[in-house]
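So you can see what is in the structure, the chains are spelled out below.
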2 protein chains.
Amino acid sequence: MTETTDYRPMWSELGLDLDKHDALLAALGQAYGDVFLSQENRPETMGYFDFVMGEIHGLRVKELVDARAAGRIVVGSFCVFVPEELVLAVGGVCVGLCAGADFGTEAAERYLPRNTCALIKSFFGFTLEKVCPYISACDLVVGENTCDGKKKAYETFADLVGREFMVLDMPNTKSGEGRAILKRAYLDFAARLENLSGVTITAENLTAAIELVNAKRRAMHRLARLRQADPTPISGLDALLANQVFFYDDPERFTQSVNNLCDELEKRVAQKVGVAPAGTVRIVISGCPMAVPNWKLPAIVESTGAVIVGEESCIGERGTQNLVDGSGDTVGELMESLVDRYFAVDCAVFTPNPTRAPHTLQIAKDCRAHGVIHFALQFCAPYQMEAPLLEREVEKGGVPVLRLDTDYSTEDVEQLRTRVEAFVEQLRGESEPIAHRS
Amino acid sequence: MTETTDYRPMWSELGLDLDKHDALLAALGQAYGDVFLSQENRPETMGYFDFVMGEIHGLRVKELVDARAAGRIVVGSFCVFVPEELVLAVGGVCVGLCAGADFGTEAAERYLPRNTCALIKSFFGFTLEKVCPYISACDLVVGENTCDGKKKAYETFADLVGREFMVLDMPNTKSGEGRAILKRAYLDFAARLENLSGVTITAENLTAAIELVNAKRRAMHRLARLRQADPTPISGLDALLANQVFFYDDPERFTQSVNNLCDELEKRVAQKVGVAPAGTVRIVISGCPMAVPNWKLPAIVESTGAVIVGEESCIGERGTQNLVDGSGDTVGELMESLVDRYFAVDCAVFTPNPTRAPHTLQIAKDCRAHGVIHFALQFCAPYQMEAPLLEREVEKGGVPVLRLDTDYSTEDVEQLRTRVEAFVEQLRGESEPIAHRS
């Protein structure tokens, strides 16, 4: 990571353990260079995202600190079910806290069973080892009762996080009573935000916030559509990066940057310029979120010569799909629209979850993908258990599926690579004339 | 297991795999003999429970088959949140299906991730290997959205079970909206039962059903109180057996049998007759359910010379605690009382779950226990994650806690025994003068 400013006094003030934080940033910078900067033929406008990642613990954190100094609240969340719109409506800043690194696992396991998913261990580890400036910069950290792991881990985390903390309740089913649970959660969240910020949510500020987030989502939809071209104009890794930064960056600047990227990609598509030749095996990733800096599986997939063209994932389609209807005239109407948008998200924590498999198949078809790789974090019961059902449906639709369970460690990289290579080879055989096979 | 009748034609008609079923029964009979019949100084009235266990796949199943032939419905469930009262109200028979044996695990793992708890693998295994006459004898099998594992496994199980199947939704929190979820589930369940049986639930039949189950619970409360005596008049294993049979047996006969047992135990208490000398280390077990034939941990604990005097468990206090207020005049009022009783159960799937730790401490104090052993099934995130919080609270109250995670395999028996022995030794040291220590 390039640093032009000395952020160490800020980090120190935020209570970070500077030595451990140095070690984390060094590892992060190294990984980023290896995975991203080594890619060939990247869009020039990815430079913005390289800058953001270079400043992920620097400039962006300073912005949060400055925002708080200016009287705005900062709210951290772990999940796509926490509506950024409400935070923006009270003039706050919303940042994603989902940690994607194998850091502080030993410390985390003092509080968590070993059979806890890597994502939960990671945010415990980051907190316990004092290396997350985002958590430290928050006025409020918000959990949500999605999976058992998070639901119960938050009971312990509440005492460790050192910030105001609240948990949004979540339903298991998409019943009327289930919707009432989500609505109650969002009303409670809105009330807490108003209380914390001193700003009342009005039809005006909520409409503006909805538009701000819709614009961000629209830009991501544009990016998703451009990736449907063959040759695809951007690597899956770079597109994942944009999806990851979606949760961190200032929304207006982010939208502009994604649109700049899309302008460049449009030209590429028109000129049939891609990151890989036309006919390259195209993969959609489906499953668990890939939080920064979890680039493990996409890096493996693209190292085999395939290209990732879509993500049916929280960091991807589940975060960006659908817009909130911002046409309501009252806070009540707008809240209903907000609940409707989020209630439609087809996370595997719902039962049954009948739209996810057809949705994944549709993404695969829209993206002209040859295959789907289902990614589940080890010990993530909802996604692991839904995987065979999704596999069956998607394969019925004619798209082969490879199911992989993994975590954030590097131990299984070669094993995964072997399985992905075999899958890509199989897809290559099915999609191209024999003469063209390597 | 003694068999006086040839049940093989019935098992065959129920679609069981007779060879595998023979193997299961042989193993079960062997285990029962080793664990239960080898105990010394058992109450004579435990003879009834020995008979029930000897006929668990025989006479009791025949009763279910006969009940169906007589036009009654048979409903199987996996959880204390499925209200037997509603099944009884429509004249049906309710049986617990929670399987507690390491059987068919390999078959189960074709459908489930390896990191699924033993209980879920067990009911998949029993179904896939065709060795459970209870499932085969059911008109309706009922699941419930408690943990992620069950919630998502039921989506697959629905296609495997071969019976009508429904899932009751469950809340995560004890909010008003959470209660509405449970009420909706019970109303849907009642409607399904009425539809299936052709019997309408009335204030009369529901009141009678509530009284039938309350009587069963009252008998178990009586048993729980008698175990508070020192010396304790019954082993933890035998009391667990009564708690297990609670879910299987005809309710009226069961209540009478527990009351007969209690009559005998009352005499023992008056005469200071116990299964172990006064002053023996007394243990309360807290945590996950122990379904038949999961007697592993209690057998280990009592083999160390300690005695189990209470169970804060689904097969125990969580199944038997509280009565339903049967004073309502209308079905609506009675349904509200039913929801109230079940909504008070403090299962670890709720968040927060603040009453469970004080409740466990209270049980320990009431039972004059020296220590609590927390039992979690491996991969059961709710109980594993709640364990350290419970440990902290209970120890704050002056009662030491040992936390154990295990499954149904026998691989870790010696390791568990070593840890339990050390804990019991520690409690012995704390509770008795040095001179008395072994």
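Values in this document were obtained by computation on a predicted structure and should not be read as measured data.

Student: Quick question: what am I supposed to make of the overall build of chain A here?
Tutor: Across its full length, chain A carries 19 helices and 8 strands. On C-alpha atoms alone, chain A measures out to a radius of gyration of 21 Å, which is about the 22 Å that the 2.2 N^0.38 rule sets for 438 residues. Across its three principal directions, the C-alpha atoms of chain A cover 70 × 50 × 45 Å. Counting over 438 residues, chain A shows a buried share of 63%. Sequence-distant contacts, at least 24 apart, represent 77% of the contacts inside chain A between residues at least 6 apart. Looking at chain A as shown, the accessible area adds up to about 15,900 Å², and 51% of this sits on carbon and sulfur atoms. Within chain A, one finds 44 positive and 63 negative side-chain charges whose respective centroids are separated by 3 Å.

Student: Quick question: what am I supposed to make of the nonpolar core here?
Tutor: Most often, soluble globular proteins keep nonpolar side chains buried together rather than apart. Ranked by size, the top nonpolar core spans 141 residues in total, and within it A:Y186, A:F189 and A:W295 carry the most contacts. If you tally residues by element for this core, the top one is helix α11 (residues 203-226) of chain A, at 9 residues. B:F103, B:F254, B:V301 and B:A348 belong to the second largest nonpolar core, which has 139 residues in total.

Student: Before we go on, may I ask you to explain the interface of chain B and chain A in this structure?
Tutor: Note: interface size is frequently given as the accessible area lost on complex formation between the parts. Contacts between chain B and chain A engage 42 residues on the former and 42 residues on the latter. Between chain B and chain A, roughly 3,100 Å² of surface is buried when both sides are summed, and carbon and sulfur atoms account for 52% of that area. Looking only at chain B, the three residues that lose the most surface to chain A are B:D148, B:K152 and B:M385, adding up to 22% of its buried area. One salt bridge connects A:K152 with B:E386, and the closest N-O pair in it is separated by 2.4 Å. Among the elements of the structure, α9 (148-160), α10 (176-197) and α18 (381-396) of chain B are those that each provide at least two residues to the side of chain B that touches chain A. Grouping the amino acids of the side of chain B that touches chain A by side-chain chemistry returns 18 nonpolar, 14 polar and 10 charged.

Student: Just checking my understanding: could you explain helix α17 (residues 356-366) of chain A for this structure?
Tutor: Working note: α-helix, 3.6 residues per turn, so residues spaced by three or four point in the same direction. Along α17(A), the residues that are buried comprise A:R356, A:A357, A:H359, A:T360, A:L361, A:I363 and A:A364. Looking at the buried positions of α17(A), the neighbouring elements they touch are β5 (282-287), β6 (307-313), α15 (317-320), β7 (371-377) and α18 (381-396) of chain A.

Student: Even after reading the chapter, I still don't get the environment of B:R110, so can you show me in this structure?
Tutor: All names here are of chain B. Secondary-structure assignment places R110 in the loop between α6 (105-108) and α7 (118-128). Under the relative-accessibility criterion, R110 is labelled exposed at 63%. Sequence separation between R110 and F124 is 14 residues, and the spatial gap between their C-alpha atoms is 9.9 Å.

Student: I tried to follow the pairing of strand β5 (residues 282-287) of chain B on my own but got confused; where do I start?
Tutor: Along a regular strand, successive side chains alternate from one face of the sheet to the other. Residue and element names in this part refer to chain B. Burial analysis of β5 places 6 of its 6 residues in the buried class, the great majority of the element. Every second residue of β5 is oriented toward a common face, with R282, V284 and S286 on one face and I283, I285 and G287 on the other, all of them buried. In the classification by handedness, the crossover that spans β5, the intervening helix α14 (residues 296-303) and the parallel strand β6 (residues 307-313) is right-handed. The pairing of β5 with strand β7 (residues 371-377) spans 5 bridges and is classified as parallel. Counted as the bridge partner of I283 is G371 from β7.

Student: Even after reading the chapter, I still don't get helix α16 (residues 331-343) of chain A, so can you show me in this structure?
Tutor: Residues and elements named next belong to chain A. Its 13 residues give α16 an end-to-end C-alpha distance of 18 Å, which sits within 8% of 18 Å, the value for a rise of 1.5 Å per residue. Looking at α16, one finds that the buried residues are L334, M335, S337, L338, V339, R341, Y342 and F343. Close packing links the buried residues of α16 with α5 (84-89), α10 (176-197), α11 and α15.

Student: Sorry if this is basic, but what is going on with the packing of helix α2 (residues 18-37) of chain A against helix α12 (residues 236-245) of chain A here?
Tutor: Residues and elements named next belong to chain A. Two numbers describe how α2 lies on α12: the axes approach to 10 Å, and their chain directions differ by 130°. When the axis of α2 is compared with that of α12, the two are oblique. Along the contact surface, α2 presents Y32, V35 and F36, while α12 presents L237, D238 and L241. Here the contact of α2 with α12 is composed, by residue class, of 5 nonpolar, no polar and 1 charged.

Student: Got a minute to help me understand the sheet that holds strand β2 (residues 93-96) of chain B in this structure?
Tutor: Sheet strands associate in pairs through backbone hydrogen bonding, adopting either a parallel or an antiparallel arrangement. Residues and elements named next belong to chain B. Pairing within the open sheet is parallel, and its 4 strands lie in the order β2-β1-β3-β4. Unpaired on one side and paired on the other, β2 and β4 (164-168) mark the two borders of the sheet. The mean angle between the axes of side-by-side strands here comes to 25°, regardless of whether they run parallel or antiparallel. As judged from the 5 bridges shared by strand β3 (residues 140-144) and β4, these two strands associate in the parallel manner. Within β4, the residue paired with V141 across the bridge is F165. Running over the sheet, α10 touches β1 (74-77), β3 and β4 and is turned about 160° from β4.

Student: It is not clear to me how the sheet that holds strand β8 (residues 401-406) of chain B should be interpreted in this structure. Could you clarify?
Tutor: All names here are of chain B. Read across the open sheet, the 4 strands follow the order β6-β5-β7-β8; overall the sheet is parallel. Strands at the two margins of the open sheet, each flanked by one partner only, are β6 and β8. Averaged over all neighbouring strand pairs, the angle between strand axes comes to 25°, with direction disregarded. Where β5 lies against β6, 6 bridges are found, and the strand directions are parallel. Within the sheet, the bridge partner assigned to I283 lies in β6 and is I308.

Student: What is the right way to look at the relation of the copies chain B and chain A in this model?
Tutor: In this arrangement, two copies of a chain are superimposed by a rotation about an axis accompanied by a shift along the axis. Once chain B is rotated about the relating axis by 180° and shifted along it by 0.0 Å, it coincides with chain A to within an RMSD of 0.0 Å. Read as a symmetry element, the transformation amounts to a two-fold axis. Closest approach to the rotation axis within chain B is made by the C-alpha atom of B:D148, at a distance of 3.0 Å. When you check the interface residues of chain B against chain A, 100% turn up at the interface there too, and the contact is symmetric in its surfaces.

Student: Would you mind showing me how to read the packing of aromatic side chains here?
Tutor: Note on aromatic pairs: each is described by the distance of the centres and the angle between the planes. Under the counting rule described, the total for this entry stands at 45 aromatic pairs over all chains. Here the aromatic rings of B:F78 and B:Y154 are separated by 5.9 Å at their centres, their planes lie at 40°, and the arrangement is tilted. Remark: B:Y154 occurs in helix α9 and B:F78 occurs in the loop between β1 and α5 (84-89); sequence separation between them is 76 residues. As far as burial versus exposure is concerned, B:F78 and B:Y154 are alike and both buried. Three or more aromatic residues joined by ring pairs make a cluster, and in this case those are A:F78, A:F123, A:F124, A:Y154, A:F157 and A:F165. The ring of A:Y342 is capped by A:R341, whose NZ or CZ atom sits 4.6 Å from the centre of that ring.

Student: Explanation requested: unusual backbone geometry in the structure shown.
Tutor: Trans is the prevailing form of peptide bonds, just as negative phi is the prevailing case for residues other than glycine. Of note, the amide linkage connecting A:V292 to A:P293 takes the cis form, showing an omega dihedral of 0°. Omega for the peptide link from B:T351 to B:P352 comes to -15°, which places this bond in the cis form. Turning to its location among the elements, B:P352 is positioned in the loop between α16 (331-343) and α17 (356-366). With a phi angle near 50°, B:R368 is a residue other than glycine that sits in the positive phi range. Tracing the backbone shows B:R368 in the loop between α17 and β7. Phi at B:F379 takes a positive value of approximately 75°, unusual for a residue other than glycine.

So, how was this worked out
- Residues numbered from 1 in each chain as written.
- Chains lettered and ligands numbered in written order.
- Predicted model: local features only at pLDDT ≥ 70, side-chain atom pairs only at ≥ 80, totals over all residues.
- Heavy atoms only, no water.
- Helix = DSSP H or I, 4+ residues; strand = E, 2+ residues; numbered from the N terminus.
- Rg over C-alpha atoms; globule rule 2.2 N^0.38 Å.
- Buried < 20%, exposed > 50% of the residue type's maximum accessible area, 1.4 Å probe, protein only.
- Contact = heavy atoms within 4.5 Å.
- Areas by Shrake-Rupley, 256 points an atom, 1.4 Å probe, with all protein chains shown as cover.
- Lys, Arg positive; Asp, Glu negative; His and termini not counted.
- Charge placed at Lys NZ, Arg CZ, Asp CG, Glu CD.
- Core = buried A, V, L, I, M, F, W, Y, C linked by side-chain atoms within 4.5 Å.
- Buried area = accessible area lost by both parts, 1.4 Å probe.
- Salt bridge = Lys/Arg side-chain N within 4 Å of Asp/Glu carboxyl O.
- Nonpolar A, V, L, I, M, F, W, Y, C, P; charged D, E, K, R; others polar.
- Right-handed = clockwise from strand over helix to strand, strands pointing away.
- Pairing = 2+ DSSP bridges.
- Expected span 1.5 Å × (residues − 1).
- Axes fitted to C-alpha atoms, helices over the stretch in contact; angles between N-to-C directions.
- Parallel < 35°, antiparallel > 145°, perpendicular 65-115°, else oblique.
- Least-squares fit on C-alpha atoms with pLDDT ≥ 70 in both.
- Phe/Tyr/Trp six-rings, centres within 6.5 Å; stacked < 30°, edge-to-face > 60°.
- Lys NZ or Arg CZ within 6 Å of the ring centre and 35° of its normal.

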